[in-house]
Amino acid sequence: MTEGKHIMSATWQATLIYNPYAGFDDWQQNINATAAFWRARGWDITLRQTDHPRHATVLAVEAVRAGHQLVLAAGGDGTLHEVANGLLGSQTVLAVLPAGTTNCFARDLGLPAPNGANPYWLLEASERLMAGSVHTMDVGECSNGGSFILWAAVGVDSRIVEGVEPRSRLLKRFGMAGYIAKATLPFLLHQGEKMRVSVDDEVVEEEMLAVVVSNSRLYAGGLFNLSPESVLDDGRFDVWMLCGRYSPQMLAHSLFIMAGRHGDRENIIKRSGSRVLIETSTAQPFHLDGELNRFTPIEIALEPGFLRILAPQGAPADLFVNGGCSLTTSVTTSRPAPAATGSA
């Protein structure tokens, strides 16, 4: 721990979990530089690489058990989902390092996108995180034992995830264009069906192409600003029901969402609440933060303030209702709780 003239003796413990298969480039050099950045500012960094699905959850739980105050998650939304599931209910803080093909939550927070022309884009993200503030955010807890921090969805979205993932590194090189190309066929073939959606005490029964329970703002790889006024700690989900049966109707919905006009579209229904039950005519897969699960019905309950996150300097001011504190204040006034159970 003697790198750089700004080095100080390590005071705090952190784990940096990274998915080497995220994104479309070899960015090990960036990871090493990022670890050195945090070490030079008083953090004893343990590097942990994921080797298989759900491994990031295991590594996050181990970080909590080791008493680490911070976990940095480098990858896409899938890696973030796994890491968050290992930290739920603990005092350990989650920091997002955008390194995937799609980084919806990082973009919600205003963090820089991965940039192949700049091998050190994670250093910019780290500087802003170091100057940011720690907040708590709400989490969705599901009847199948899974959890989500961004979204849960049934319908065409889940069929697309089922048909697209896992993607090869070659396909990831094409970024969002590669994802859309592989998603086209399941999009065109999907047909809506009768669904019954209960949000708190209100029930909607319609033929639906998709239902999205949103806890954040951006969706579909950032193509859709689905819930532009969503707040991460307000105790409510936004529930979007996209009605219809055939792909042309879904295409029309998509265009309205991209134009920011979906709030006034008659056959797009929005409700807000903290308890959601989705029932379908036939059993359908659903996804949690883009990770495929099986099968409906699915019941969702909001768990308020169940995850501590580090919001970077410059994050949207209206993303939280409640104030936060600096990272230094957070780690010096709280101790990590006993191990999180880590659902996946």
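Located above this text is the structure these notes cover.
Here's what I pulled together on the structure shown here. Note that the coordinates shown come from a computational prediction; the quantities given were computed from them, not determined experimentally.

**A short note on the packing of aromatic side chains**
- All told, the structure shown has 5 aromatic pairs when counted by the stated rule.
- Ring geometry for tryptophan 12 against tryptophan 43: centres 5.2 Å apart, planes inclined by 45°, an arrangement best described as tilted. Remark: tryptophan 43 occurs in strand β2 (residues 43-49) and tryptophan 12 occurs in strand β1 (residues 12-18); sequence separation between them is 31 residues. Comparing tryptophan 12 with tryptophan 43 shows no difference in burial state: the two are buried.
- Following the ring pairs from residue to residue traces out a cluster consisting of Trp12, Phe37, Trp38 and Trp43.
- If you follow arginine 41 out to its NZ or CZ, it ends over the ring of phenylalanine 37, 3.8 Å from the centre.

**Considering unusual backbone geometry**
- The step from arginine 294 to phenylalanine 295 runs through a cis peptide bond, and the omega angle for that step is -5°.
- Tracing the backbone through its elements, the reader meets phenylalanine 295 in the loop between β16 (291-293) and β17 (298-311).
- The peptide bond linking threonine 296 to proline 297 adopts the cis configuration, its omega dihedral lying at 10°.
- Its place among the elements puts proline 297 in the loop between β16 and β17.
- Backbone geometry places arginine 54, a non-glycine residue, at a positive phi of 70°.

Criteria and thresholds
Residues numbered from 1 in each chain as written. Predicted model: local features only at pLDDT ≥ 70, side-chain atom pairs only at ≥ 80, totals over all residues. Heavy atoms only, no water. Phe/Tyr/Trp six-rings, centres within 6.5 Å; stacked < 30°, edge-to-face > 60°. Helix = DSSP H or I, 4+ residues; strand = E, 2+ residues; numbered from the N terminus. Buried < 20%, exposed > 50% of the residue type's maximum accessible area, 1.4 Å probe, protein only. Lys NZ or Arg CZ within 6 Å of the ring centre and 35° of its normal.

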